[in-house]
Structures are given as structure tokens and as C-alpha cells.
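# Coordinate analysis (summary)
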Amino acid sequence: MTQQNRLQSGGRIQRNKALSFSYNGKTFKGFEGDTLASAMLANGIDVVGRSFKYSRPRGIVAAGPEEPNAVLQLGATEATQVPNVRATQQELFDGLVSNATNGWPNADMDLMGYVGKMGGRMMPPGFYYKTFMYPQSLWDTYESFIRKAAGLGRSPLENDPDTYDHLNQHADVMIVGAGPAGLSAALQAARSGARVLIADEQSEFGGSLLHSNEQIDGKPAAQWVAETVAELSSFNNVIMLPRSTVNGYHDHNFLTIHQRCTDHISDRAPEGQVRQRLHRVRAKWVVLASGAHERPLVFGHNDVPGVMVASAVSIYVNRYAVAPGKELVLMTTNDGAYQTALDWANAGRKVIAIVDTRANPQGELIEKARTAGLKVITGSAVIDVQGSKRVTGVSVAPIDADGGRVTGSIDRLSCDTVASSGGWSPVIHLSCHTGSRPVWNDDVIGFLPGETVQRQLTAGSINGEFNLKGCLEQGTRMGAQAAVNAGFEANVDAPAATAAVIAQGPAMALFHIPHNKPTSRAPKQFVDFQNDVTAAGIELATREGFESIEHVKRYTAMGFGTDQGKLGNINGMAIAAKSLNKTIPETGTTIFRPNYTPITFGAIAGRHCGELFDPKRYSSMHKWHVENGAKFEDVGQWKRPWYFPQAGESMQDALNRECLATRESVGILDASTLGKIDIQGKDCREFLARVYTNAWAKLPVGKCRYGLMCGEDGMVFDDGVTSCLGENHFLMTTTTGGAARVLTWLELYHQTEWPELEVYFNTVTDQWSTLTVSGPNSRKLLAELTDDIDLDRDNFKFMDWREGTMAGVPARVFRISFTGELSYEINVQANYGLHVWEKLFEAGAKYNLTPYGTETMHILRAEKGFIIAGQDTDGSVHPYDLGMGWCVAQKKPFSYIGKRGMAREDCVRDNRKQLVGLKTKDPQAVIPEGAQAVKDPNQPIPMTMLGHVTSSYYSAFLGHSVAMGFVRDGLSRMGETVYYPLADGSVIEAEICSPIFLDPKGERQNV
Amino acid sequence: MFDIYCPHCQEHREEEEFHASGEAHIARPLDPDNCTDKEWAEYIYFRKNPRGIHHELWVHAAGCRKFFNITRDTQTYEIKETYKVGQQPTVTE
Ligand SMILES: [Zn+2]
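Source: prediction; values computed, not measured. (Residues numbered from 1 in each chain as written. Chains lettered and ligands numbered in written order. Predicted model: local features only at pLDDT ≥ 70, side-chain atom pairs only at ≥ 80, totals over all residues. Heavy atoms only, no water.)

### Regarding the coordination of the zinc ion
By definition of the ideal shapes, four donors in a tetrahedron about a metal sit 109.5 degrees apart, and six donors in an octahedron sit 90 or 180 degrees apart. Residues and elements named next belong to chain B. Taken together, Cys6 (SG), Cys9 (SG), His60 (ND1) and Cys64 (SG) make up the full set of protein donors to the zinc ion, lying 2.0 to 2.3 Å away. Every donor counted, the four donor atoms about the zinc ion form angles of 105 to 115 degrees at the centre, which fits tetrahedral coordination. As a motif over one chain, the donors of the zinc ion read C-x2-C-x50-H-x3-C. For Cys9, a relative accessible area of 31% translates into the label partly exposed. (Donors = N, O, S within 2.8 Å, 3.2 Å for Na, K, Ca; no water. Tetrahedral: all angles 85-135°; square planar, octahedral: opposite > 155°, others 65-115°. Buried < 20%, exposed > 50% of the residue type's maximum accessible area, 1.4 Å probe, protein only.)

### Quick look at the domain arrangement of chain A
Residue and element names in this part refer to chain A. Split by domain assignment, chain A resolves into domain 1 (14-150), domain 2 (164-289 + 426-485), domain 3 (294-423) and domain 4 (515-595). When each unit is reduced to the centre of its C-alpha atoms, the spacing between domain 2 and domain 3 is 31 Å. Taken together, the contacts link seven residues of domain 2 with seven residues of domain 3. A combined buried area of about 590 Å² lies between domain 2 and domain 3, and 37% of that area is made up of carbon and sulfur atoms. The interface formed by domain 2 and domain 3 holds one salt bridge in total. In this structure, the salt-bridge partner of Glu204 is Arg319, at a minimum N-O distance of 3.9 Å. The tally of links from domain 2 across to domain 3 stands at six residue pairs in polar contact (both at pLDDT 80 or more). Residues of the side of domain 2 that touches domain 3, tallied by class, amount to two nonpolar, four polar and one charged. (Domains from an automatic or database assignment. Contact = heavy atoms within 4.5 Å. Buried area = accessible area lost by both parts, 1.4 Å probe. Salt bridge = Lys/Arg side-chain N within 4 Å of Asp/Glu carboxyl O. Polar contact = N/O pair within 3.5 Å; in protein donor to acceptor, adjacent residues only side chain to side chain. Nonpolar A, V, L, I, M, F, W, Y, C, P; charged D, E, K, R; others polar.)

### Considering the packing of aromatic side chains
Residue and element names in this part refer to chain A. Counting across every chain of the model gives 25 aromatic pairs over all chains. Plain terms: the ring middles of Trp642 and Tyr643 are 5.3 Å apart, the flat faces sit at 65 degrees to each other, and that makes the pair edge-to-face. Residue class for Trp642 comes out partly exposed when judged on its relative accessible area of 27%. The rings of Phe687, Phe717, Trp745, Tyr749, Trp754, Phe761 and Phe894 are connected pair by pair, giving a single aromatic cluster. Across the ring face of Tyr54, the terminal group of Lys524 is positioned such that the distance to the ring centre comes to 4.6 Å. (Phe/Tyr/Trp six-rings, centres within 6.5 Å; stacked < 30°, edge-to-face > 60°. Lys NZ or Arg CZ within 6 Å of the ring centre and 35° of its normal.)

### Some words on the interface of chain A and chain B
At the junction of the two partners, chain A supplies 29 residues and chain B supplies 26 residues. When chain A packs against chain B, the two sides together hide about 2400 Å² of surface, and 46% of this comes from carbon and sulfur. Summed over the shared surface of chain A and chain B, the number is seven salt bridges. Elements supplying a minimum of two residues to the side of chain A that touches chain B: strand S15 (276-288), helix H21 (739-752) and helix H25 (899-902) of chain A. For the side of chain A that touches chain B, the leading source of residues is H21 of chain A, giving seven residues. (Helix = DSSP H or I, 4+ residues; strand = E, 2+ residues; numbered from the N terminus.)

### Things to note about the nonpolar core
All names here are of chain A. If you look at the biggest cluster of nonpolar residues, it comprises 58 residues, and the most contacted ones within it are Phe21, Tyr23, Leu36, Met40, Tyr316 and Ile354. Formed jointly, this core draws a minimum of three residues from each of two domains, domain 1 (14-150) and domain 3 (294-423). Ranked by size, the runner-up nonpolar core spans 40 residues in total, among them Leu241, Tyr555, Met573 and Phe592. (Core = buried A, V, L, I, M, F, W, Y, C linked by side-chain atoms within 4.5 Å.)

### Structural notes on the packing of helix H9 (residues 338-346) of chain A against helix H10 (residues 364-371) of chain A
Geometrically, a packed helix pair is captured by the angle between its two axes and the distance between the axes. Residues and elements named next belong to chain A. In contact at an axis separation of 9 Å, H9 and H10 are set at 30 degrees when each is read in the N-to-C sense. As summarised for this structure, H9 and H10 are arranged roughly parallel, according to the angle between their axes. Crossing hand, H9 versus H10: left-handed. Listed contacts from H10 to Tyr338, Gln339 and Leu342 of H9 are Leu365, Ile366, Lys368 and Ala369. The class makeup of the residues in the contact of H9 with H10 is five nonpolar, one polar and one charged. (Axes fitted to C-alpha atoms, helices over the stretch in contact; angles between N-to-C directions. Parallel < 35°, antiparallel > 145°, perpendicular 65-115°, else oblique. Left-handed = near helix turned anticlockwise from the far one by under 90°.)

### Focus: the environment of Leu510 of chain A
All names here are of chain A. Relative to the helices and strands, Leu510 resides in the loop between helix H12 (468-485) and strand S29 (526-528). A residue is classified by how much of its surface remains accessible, and Leu510, at 5% relative accessible area, is buried. In this structure, the C-alpha to C-alpha distance between Leu510 and Pro398, residues 112 residues apart in sequence, is 14 Å. Residues contacting Leu510, with those up to four places away along its chain left out, are Leu297, Thr333, Thr357, Ile399, Asp402, Gly403 and Gly422.

### With respect to the pairing of strand S37 (residues 729-734) of chain A
All names here are of chain A. Where burial is concerned, most of S37 is hidden: five out of the six residues are buried. Note: strand S34 (residues 675-680) against S37, six bridges, orientation antiparallel. Residue Gly675 lies in a different strand from S37, and its bridge partner there is Thr734. The pairing of strand S36 (residues 716-726) with S37 spans four bridges and is antiparallel. Each residue of the ladder has a partner; that of Cys724, found in S37, is Phe730. (Pairing = 2+ DSSP bridges.)

### Focus: the sheet that holds strand S3 (residues 19-23) of chain B
Within a sheet, adjacent strands bond to each other through the backbone by hydrogen bonds, running parallel or antiparallel. Spatial strand order, S3-S4-S5-S6 (chain B): four strands in an open sheet with antiparallel pairing. The open sheet has two edge strands with one neighbour each: S3 and strand S6 (79-84) of chain B. The sheet shows a mean angle of 30 degrees between the axes of neighbouring strands, direction not considered. Inspection of the sheet shows strand S5 (residues 67-73) of chain B paired to S6 of chain B by five bridges, in the antiparallel sense. Looking across to S6 of chain B, one finds that Thr71 of chain B is bridged to Glu81 of chain B. Its contacts with the sheet place H21 of chain A against strand S4 (53-59) and S5 of chain B, and it is angled at close to 85 degrees to S5 of chain B.

### Things to note about helix H15 (residues 569-579) of chain A
Residue and element names in this part refer to chain A. Burial analysis of H15 places nine of its eleven residues in the buried class, the great majority of the element. Turning to H15, its buried residues are Asn569, Ile570, Asn571, Gly572, Met573, Ala574, Ile575, Ala576 and Ala577. Following H15 by one or two positions, Asn581 adopts a phi angle in the positive range, close to 55 degrees.

### A word on the environment of Tyr164 of chain A
All names here are of chain A. Among the secondary structure elements, Tyr164 is positioned in strand S8 (residues 164-176). The sequence separation of Tyr164 and Arg607 amounts to 443 residues, and the corresponding C-alpha distance is 6.2 Å. Those residues in contact with Tyr164 that lie beyond four places of it in its chain are Val274, Arg275, Gln276, Thr600, Gly602, Ala603, Gly606 and Arg607. A distance of 2.5 Å separates a polar atom in the side chain of Tyr164 from a polar atom in the side chain of Asp160.

### Some words on the pairing of S15 of chain A
All names here are of chain A. Counting buried positions along S15 yields eleven of 13 residues, so the element is predominantly enclosed. In this structure, S8 lies alongside S15, joined through twelve bridges in parallel fashion. The residue bridging Val173 from the neighbouring strand is Trp285, located in S15. Two strands pair when backbone bridges link them, and strand S14 (residues 254-260) and S15 are joined in this way by seven bridges, in the antiparallel orientation. From the neighbouring strand, Leu255 faces S15, where its bridge partner is Val281.

Okay, structure coming up:
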């Protein structure tokens, strides 16, 4: 294939470096320095996609991030698929594979095109809202239709093989944009010694100067760019980031930059390189020099391939040496766009006409065009375009002075390219990100950055300064000012580089070109290309009563595509305003939110994926658990053994075996994950008395006590055993999941309410391994591993703890029980945990020492009616609801946390839901946890629900199921029957009973 | 993301190190047992949630573990000052 639109000379491309790429399966050639878009245009590719609603063929209209149509799917392999890449921002590399994303079966030969009219009728403005009001069944029909017809790209089905990362940066001066203003600013800030970060989305610095014919300091602009970049490179206090889009400007001068490190090199990042990087920048001062986007005009069939934004045509001609056509008609409301016609003519292509909407334009560029012999038609507009897959001609007609209507006869001009310019919209997106509302300016005919609380300055065409000389001056001043503001010495009056001022006449504030027919009957005039929003659609929205631009946008979907309305939003606002007889600022403003351009999930995730997505916590015995076939359960970030199945065992088999072994001989649980907080200080006891509901004043050294912790509302939020290690030293245990929350809770009360109490907290969860040995043979087993701890039943009683050695290492042994059996919790330094665990198994073989996990722990405690905070509580139950009034002190002097809350009217009323045991009539039936209790299973739905089941298991030791749950007034309904209707229609019948199913007198643990 | 000055560490740190803990200066009544239900409910449930200047309690959770107060504009997200628990704000409107 030849590059038929490539010019013989010029451009910033490397003609000696030919690259081949594919688009929709065909191979083409381009050059190094091309974007995918410029290479496609060089090869005469007119159609790059189909429109969403009407399925109309669409071509490239812009040359930067504002491009709405050339949104392609990239990737040579399944794993490297990237959706929604703007061809205008993708640099060409050898072997690049691209495909159109919009169009079915393909962009060029589109089945939907034949039913496009039907699609349009099916999707008028407000389509989504109207459709959602209809029955769900109809939506399904629409949805499949839309999905097949549209969709912008697809996700890869395989994992991304590349690496992405994040980099934190601190800058004194962060400069956004490396055009004339940004480069001037960087130079001043750099010279002051400030740490400067300058980022630009393009492949090289220079911005508009990369395609400009203007001169700076008497040199071609590109030469000034090269010299400036060279000087900036010589500073070691400057970081320059090309291919880096500042995508978000967040609170407190925090900015996120999406850097595409290797996307321009190959399909996959080269070995050892990061594909994309997200810079997280905290800047002292920011200079926004983000430039402006040219607005296209809105006119009939302005979406036919070959209709482009004027400056984009200049960029393709001057920077990429591509003339995307042969015969040009230019329509403009301003002087600046005349340059495009001059560039086109300079490239040796034919300018059919310049159509100026102004009656009597005067200015240097107009003179230049006339002198060059270009035909200028004034007081007129292109009201319609002919052609379907490519422009074949235009209709030109005279219009009145304010551009409101067509005033004369229509001329036909034949051409293949139409360029239009409605003026320039400052790129104010970043200034909006932190909530600043932009302000309309009638002279600029655009929105300018509004007031901000950020430490932010702006320079160049973002301020509506469209002269090169002014941009250089603003950049120079603001760069120095930012450095001064950041605490450096700089001269804010330093001279800027100089450029000639081109005398320009006033521009016309025109957005929507009239047609000789009313808008609703005129050819479609597109405002938002990605969502097929037309001028008629916006007018319809205002007729239907949508007066706020925010509502119009949501009703029409204007600005909701991946281009976020960069080209269309201002035009759409202007059309809505006119239709409502309001000014643009009266209609509203336009707010942009991060991200400025779409960002990949890879860059957002960085290294926080796979193994590094979330930390995992392992106990020091984890290796043993893995080797012994444990199934694991996630508890917070902990990996806890769930159960230890043996060959051929089902889960229930394993649980039965583990439970029986523990009750009949001895079992062992890794309880290291329990939260452990070391508490010291002379006021420990007083503090504990204030945060627990029970008494702590008299707990002697060497003793342990169970405690309940409530919130100020009186509701239980955690529990655990706390031991007195010394007169001023306690060890608190918490639930595994509550450890961090409890520590913060203690610190909160200590620091904000009771700073006078001398008490210190330290988390020691990770420092200790906890091995719970439980069962009738546990004492005998422990005796084999210690010679300095007296395990005698009368010397080491239930709820005592002793210090000594266990398997030769220092240990604290607590005689506490969560199973109801004789039970010891051995605490050793975490790095001895595995050693002691293995020694226990060596000695324990003769007792059939059996490891068990969290599930058996749950069953054993449920047989005893012990609650688990967070499973049997949900933040709405107080200790009395749990039948744990025994754990609530009445006479403590200090009104501890929870006491007043429990006394609230709602807490002391009758008829509260209370925790009870549930004995199923069928002993084998296990009620599902969460099942709802009812009194009468035959009551029509909705039934009166009395409560729900919180814990329910099959007990192999007892030979029947055990369950706990809430039942309204349950504690006074012992012996009554409740029913649990299940989703499958069956009903389980249960009798309300005590939750203590096993050994109510506690004889098993007192041996 | 906020840039927060911890008055205990005496330096600016990233928001990721901190947790917000609700409205500041909510003092626990000294005699809870003699509070009415309404007074107790006001203490535990009712908060100002203003648009504009707000005094907030924060904790330097992944730092020094100290609680401290922030005066913040809930509209602009500006942090006007940070100060220790027990001190009073200087910015009140
Ligand atoms: Zn701190």
C-alpha cells in the first residue's frame, strides 16, 4: 500500500525509518514520528468507526486527546489487548495491531448501517430514562440490541503480562503542559533552583510549536523548543515527563500523572521495563499551561469522514507531512483558522474556498490568504455536507450577522475535506477537578479557570491568551511567580522570549450553523460524535423541560463518552442556551472530573495486584498446617486453618473426627491470630474497669478473666480474656477480626477522655504464638513438655495462668477454655511457635493429639453456648440480650462504657430479641444460619418474623444439631416451639432451650 | 488526597496514614447515669455535619497513633489548622 496522502517533504517524521502496522487485518506503512492517526490518514483510511446510535461511518476529526471517533482496540495478542486507545495519541511502532471497535460486523461494511434509521428511532434523546420506565422485559430486548451494535472496545480475556508501577514525587513547582507557556515557566522555575516537574501528554515537548510556522527570538519555533528542552535537561533539579498526561488534580495540590513508558515501542513492554507508571505528585505550587482545544462548528452532516477541526488539519500537514485530502473548504468564525488554509496551500493542495461566517473580516492572516489567491467567501457558512464515507462536497449559503438564519440561495462546492473552526476552548479540566467552577468570558468566547483554593497559577491559552507572544510572557512570569511562592528567588519581571504579534480582527461567537430548514428537520448536525448527540436532540431536551445543562447532558448523554465532551460540550451548552433564550453562563457551567483522559487499570493498580494486592498474615505454624493438608479460611488478612481433612474425608467427616478427638482425648488449635494487647501502667485496672462491663479491681496477679466490651450505646462489640501479669501489667486478648479496632478504641478513650490515667498500650499479636491444647488428656500432654510449671489441678486452677518453660522455651500458659474441656493456651515467642507445636505432636502421638481448625472450634464452643462477637452479635444486642447479665457489673464506681447505653428506654423494654438455644425436632436437621424464626409457618407471606439463627452446627459428640439464635422474648419462652421456613419450601421445627447443650455445670473443665 | 500536618509528629504526611474519627470536641458527659435518654442520644448520635468550617477528630493511625483535631472546610476541603486534643481551635468561621 502506498501512503497516498503523504507529502513529499517536511514534518517531524523519520522517513528513513519505515514502520508497518495493521488496521482491521490489513497491513500499512508509516514512519517513525507518526501517530497511528497520522499514519492512517497518510494511507487514506477514511472510516475508523461507526457511530453509537445511528451507526454512521466516522473518520478522524482531531489530532489530540479530544478525538472522539478514532477510538481503537490495540494489541497483537489476547493478553495485550487494550481497548479505547485514541489513535491520535498512540505513537506508531513497527508491528502495531489495531482494530476498529465500533461497528458490526465491521466499521467499513456495517450491517447496522442499513438499520441505522431504526436505531435512531429506537434511541431518541432520553432513551435510557424513557426505557427504564418501561417493564424490565423490554429493557432486555434493547440491551442485547445495543450491546451487539455498539460497545467501545473489549477487555482482554487473558492476564496482562506487563508490569505497571507507581512513583511518589515531590515538586516545588509542577508544570502541566510543555507548550510555549509551560516551557517558559519551566525555564524560570528551573533557574531559581526549585525542584521542577514538567509533564506533557505528547511524545515530545513543544505543544502547538511542533506544528507552528511562527518564529521565536527570530528562530523557527521548533528550534526554540529544542534549545529550551536542552537547557532544561542540563538542570538536575528538573524532571521532564513526555508521554505523561496529568490526569487528575486532587486536594492539597496532589496530582496524578499517567506516564506511558513503553506504549510507543512495542506491543509488550521490553524485558525489564515498566509499561506504564502512575506518578503521585505532591506539589508546592502548580502552573497549569494546558492550552486550548479548537471547537468544531455544528452544521449539517458535519460527521462525514473528511470533516475535521481546522487546527488538526494543520497539525497533520505541518507535523506529520500528511494532507488528509486534496481539496479543502475551510469554514471559520475567526482569523486564526486561516492559517490552516495557508498550510494546505503551502502543501501544494487545493483550497476550494474559505467560508467566513463574518461579513467583513479584517486581519493579517486574511490579507495573507487573499494575497495567496485563496477564495474567501464572507458572511456565509457551510450548512450541509455531501458524501457518506467521504466528503464529496458542501452546501454554502449566506447567513445573517448573528448567524441565526440562512439569508440567501445555496451554492454547491465540490471538495473532499472540510475544516471548521468555532474558536478555542481553554483546557480548564484540571482546574475543575477540585471543585473550582469555571467562569464564562465573552471576549474569549469560552470558559476560563475559576477561583480556586489550590496553590495554582495558570499561563497561556488556558487563560484565553491565543497569541504566541502572550503565551511566552505569561509562562515566563508564572514560572517565576510559582518559584517565588514556593520559597525560591526568581525575577517575575524577567524578559520572555519574543514572538511577533499577528494582528487579528474580532471573532464571531457562533457555535451552531443555521440551515434553511428548522433544526428538527435539517440534516443531522452533530454536537457529540461519540454519543450521536445532535443539535435537534438538545433542542428537544429543552422543549421537554430540561433547563439545566447538567440535566440536558444526562438526558442526551452529551459528554458521557470516553472523550468526555472535549469537542462538543461548549457547543451543546450554546445550543441549549439559545433554545432557552438564555446566555451560556445562565444555562450553567461545565464541570470536568478526573480523569482527563481514560487511564488503564494496569496503571491504577500498579504493583498492587496478584500477591501484592492485599497483605496475607500467617502464623508461625503455617508451614505445618500446609504440610498437614489444612483447608484455610480468611479471617481478616489472616489465613487460618479451617479444618484438617484426612484422605477420603468429607468436611463433615473431618469435623466429626476433630470434635470427638478433642472431647475424648486431646486436640490442638492454632489460636495465634487472636488479638493481643499488652497494657501497662499504674492505672491499668481502673482503665479496664471503664472499658469492660465487668469488675477488674480485684483480679490478682496470676489470674485471668473474661470481659465483655460495649459501645456507648450499650451494644456488645468485642470480648476476650484479659490476664493480670503483674500489679501494673495486663494482657488483653480480642477477637481476631477486632484486634485493630479494639486497640484504637482504647487509645481513643485514653487520649481524648481519660488522659489522666497512666496506662500504655502495645499490640503484641504478632509477637506471640498461641497454641490451644484442649481435652481430657491435655494436662498429661503438657506435663511431658515442662518441668517447671506445676500443673496440679489445685495449684494451677481454671482461670489461672503460669509462667515457665514449655518444650524448653519460655512460655506463658493460661488455663482457660473455649471448648468446655480441660484446656490450656500456651503462649510462646512467635519464633518458637512451630518448635513447641512440633514437640507437642511428638509427645502427643500416644494421645492421638488431633489438630483442629476454626470450624471445629466453632462447633465445640457452640455446644457450650459460648458466643462469638461478630457472629452471634451484630451491633444491636446488649449483654442482657445475650443472657450474659452475669458479666455486667452493677456497682462499679465509674460509669463504664456501655452502662448508660444499656439503660436507655429501648434497651430495657420488653419484647427484645434474645439469644437462646434451638433444639431441632429432627435431631439431624441443621438449621441454616440466617434462617428466620416464625411462630406460625402457615401464616401468609409476609410472615411475622421473630428473630434469626446466628450459629448452627451438627454435633457429633452429642449426636444432634446445636444452634443459637435470636427470638423475640426468647429467654421467657423456654420450651416453646418456633419454625424456620426455608427458601426451598421446607420448614424446620425447633424448641427454644438453653444455649448450653453440653455440661451446664462446667464439670468437664474442672478436673 | 489530603496533606495533613500531624501536630505530634510536627510534619506533613499523606492522608493514607490517617483515619478520620468524626466530629471533634464531643465530650463524654461526666455523670452519664444522670443524663436523660435525650442527652445521651445527643452525645452518641447527633452530629453537626456542617457545610463549611468543621472541627474533626483524626488519628495518625499508621504514624504516631495520636489523636488530634483538624479544622477543615467541608466545601473546599482546605485544612485550616491542626491542633492537639485538649486545645481549642483558632479558626471558627
Ligand atoms: Zn503523628
